[in-house]
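# Tertiary structure, described
If you want the building blocks of each chain, they are given just below.
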Amino acid sequence: MNLVKPDETWITKQALYGLIESLGDWGQHRDEQLPHLRWRHAGQEFTLKETKERHVWAVRRVGAPATEDNHGFVLVYVDDMPLFGDTEQVKATANAVKSLWECSPLELLGEAKELRFCGMELRRYKSGVFLSQTGYLVEMLKRYEVQGVEPYPLPKVEDGEDEEPYLKALRRAQTLVGELLWASTRTRPDIAFATGLLDRLAHRRPNYVNTLGEHLLKYLQGTTDRKSTRLNSSHV
């Protein structure tokens, strides 16, 4: 493209989108800044404290004893940060984060609007917060060109001998299992057993796994809008 000379060298001084090192550099910078945040809400000062669960930060009152309950939570995934807590505390926490970095406008979860995070849709109802992965599943089903539906995740599983190694079938089976795991471990426990079975058989019987996987995809075709995980919390 003749954009630079053969002996020309550029030095990046900040995170560059698409550069492998950028995610790690940004994550380190982000995690160095968050503990120093301070803000006031309801006459008290608050900060963020990293929990034992990676990428989860607790909203803590400054100087509070360890036995005091947390006042909210902040999840971080690269530069996405959903906030959980009392609505006014969420707003105050968001303003504190905005003092560090330029952020998109705060969106509050409600019945009229769903929020997206890590391929999941969250919607709040009176009975709690429901999670689904409709968008992710619809895109996957479209990519595999799935036709028809099935009422159950799996048919009767037949015993069989190990298959001869076939790299193309193995790669397809591994890819399919990985995509199914992303759903089963987040919002679709109803396919957890089936996905686990496919995972165990993938190396031994990849062609059979692909056949069972097609059946499982047809089951998902008929249940893409299922919301099977509920958080009983009124503060999100």
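Everything in this summary refers to the structure shown in the same document. Predicted, not measured: the structure shown is a model, and the values here were computed from it. Throughout this document, residue positions are counted from 1 along each chain, in the order its sequence is written. Residues qualify for local features only when their pLDDT is at least 70, as the model is predicted, and side-chain atom pairs are given and counted only at 80 or more; totals for whole chains, interfaces and linings, by contrast, use all residues. Side-chain descriptors were evaluated using all non-hydrogen atoms of the structure, hydrogens and water having been removed beforehand.

## So, the overall build of the protein chain
Applicable threshold: Helix and strand assignments come from DSSP, with helices taken as H or I runs of at least 4 residues and strands as E runs of at least 2, each series counted from the N terminus. Two things to know: the radius of gyration comes from C-alpha atoms, and the globule rule equals 2.2 Å times the number of residues to the power 0.38. Working definition: with a 1.4 Å probe on protein chains only, accessible area under 20% of the residue-type maximum means buried, over 50% means exposed, and in between means partly exposed. Contact definition: two residues touch when any of their heavy atoms are within 4.5 Å. Accessible surface is estimated by sampling points in the Shrake-Rupley manner with a 1.4 Å probe; for residues, cover comes only from the protein chains shown. In this tally, Asp and Glu contribute negative charge and Lys and Arg positive charge; neither His nor the terminal groups of the chain are included. Charge positions come from single atoms, namely NZ of Lys, CZ of Arg, CG of Asp or CD of Glu.
Assigned secondary structure in the protein chain consists of six helices and nine strands. For 236 residues, the compact-globule estimate of 2.2 N^0.38 gives 18 Å, and the protein chain exceeds it by more than 25% at 23 Å. Each principal axis of the C-alpha atoms in the protein chain carries an extent, and together these give about 65 × 65 × 35 Å. Each of the 236 residues in the protein chain was classed as buried or not, and the buried ones make up 35%. Partitioning the intrachain contacts of the protein chain with sequence separation of at least 6 by distance along the chain shows that 53% fall at a separation of at least 24. Total accessible area computed for the protein chain in this model is approximately 15600 Å², and 52% of it derives from carbon and sulfur atoms. Measuring between centres, the 32 positive side-chain charges of the protein chain sit 4 Å from its 34 negative side-chain charges.

## Some thoughts on the nonpolar core
Considering soluble globular proteins, one finds that nonpolar side chains tend to be buried as a cluster. How we decide: The set of buried Ala, Val, Leu, Ile, Met, Phe, Trp, Tyr and Cys residues whose side-chain atoms join them within 4.5 Å is what this entry labels a nonpolar core.
Counting 24 residues, the largest nonpolar core has Met140, Leu180, Ile191, Leu198, Leu216, Leu217 and Leu220 as the members making the most contacts within it. At the level of elements, helix H3 (134-143), helix H4 (167-184), helix H5 (192-201) and helix H6 (206-221) are the ones that each hand at least two residues to this core. Sort the elements by how many residues they give to this core and H6 lands first, with seven residues. Counting 16 residues, the second-largest nonpolar core is a separate cluster that includes Phe46, Val59, Val76 and Ala92.

## Quick notes on the pairing of strand S8 (residues 128-132)
Defined as follows: Paired strands, in this sense, are two strands between which DSSP finds at least two bridges.
For S8, the buried fraction is high: five of the five residues fall into the buried class. Between strand S7 (residues 120-125) and S8, which follow one another and run antiparallel, lie two residues.

## Let's talk about the layout of surface pockets
Heads up, the condition is: Whether a set of points on the 1 Å grid over the protein atoms alone is a cavity depends on a 1.4 Å probe fitting there but being unable to get out, while an open set qualifies as a pocket with protein on both sides within 12 Å along at least five of seven lines; lining residues are those with an atom within 4 Å of a point. Grid points are joined across faces, edges and corners, and a volume is the space filled by probe spheres set on the points. Note that Gly is not counted as nonpolar here; it falls among the polar residues with everything else outside the nonpolar set of Ala, Val, Leu, Ile, Met, Phe, Trp, Tyr, Cys and Pro and the charged set of Asp, Glu, Lys and Arg.
Approximately 770 Å³ is the volume found for the largest pocket. Lining the largest pocket are 25 residues, with Asp79, Asp80, Met81, Pro82 and Ser104 positioned closest to its centre. Elements that contribute at least two residues to the lining of the largest pocket include exactly strand S5 (83-85), helix H2 (87-98) and strand S6 (115-117). The leading source of residues in the lining of the largest pocket is H2, at four residues. Residue classes in the lining of the largest pocket are distributed as 18 nonpolar, one polar and six charged.

## Focus: the packing of aromatic side chains
The condition that has to hold: By convention, a stacked pair of Phe, Tyr or Trp rings (six-membered ring in the case of Trp) has centres within 6.5 Å and planes under 30 degrees apart, an edge-to-face pair has planes over 60 apart, and any other such pair is tilted. Each ring is checked for a lysine NZ or an arginine CZ that lies within 6 Å of its centre and within 35 degrees of its normal; such an atom marks a charge sitting over the ring.
Counted according to the given criterion, the structure contains four aromatic pairs. Note on tryptophan 39 and phenylalanine 46: the rings are 6.4 Å apart at their centroids and 25 degrees apart in plane angle, and the pair reads as stacked. By relative accessible area, which is 7% here, tryptophan 39 ends up buried. Between tyrosine 125 and phenylalanine 130 the ring centres are 5.4 Å apart and the planes differ by 80 degrees, which places this aromatic pair in the edge-to-face class. In this structure phenylalanine 130 comes out as buried when scored by relative accessible area, which is 18%. One Lys or Arg, arginine 186, reaches over the ring of tryptophan 182 and ends 3.5 Å from the middle of that ring.

## Section: empty space enclosed by the protein
Gaps between atoms show up when a probe of the same size as a water molecule is rolled over them. Across all of its chains, the model carries one cavity of 30 Å³ or more by this definition. Counted as a void, the largest cavity has a volume near 30 Å³. Along its surface, the largest cavity is lined by Val59, His71, Gly72, Phe73, Val74, Leu83, Phe84, Gln89, Val90 and Thr93. Sorting the residues of the lining of the largest cavity by element identifies strand S4 (72-75), S5 and H2 as the ones contributing at least two each. The residue makeup of the lining of the largest cavity, split by class, is six nonpolar, four polar and no charged.

## Some thoughts on the side chain of glutamate 121
Considering the arrangement of structural elements, one finds glutamate 121 in strand S7. Discounting residues that sit within four places of it in the chain, glutamate 121 has contacts with Glu114, Leu115, Arg116, Phe130, Leu131, Ser132, Gln133, Thr134, Gly135 and Tyr136.

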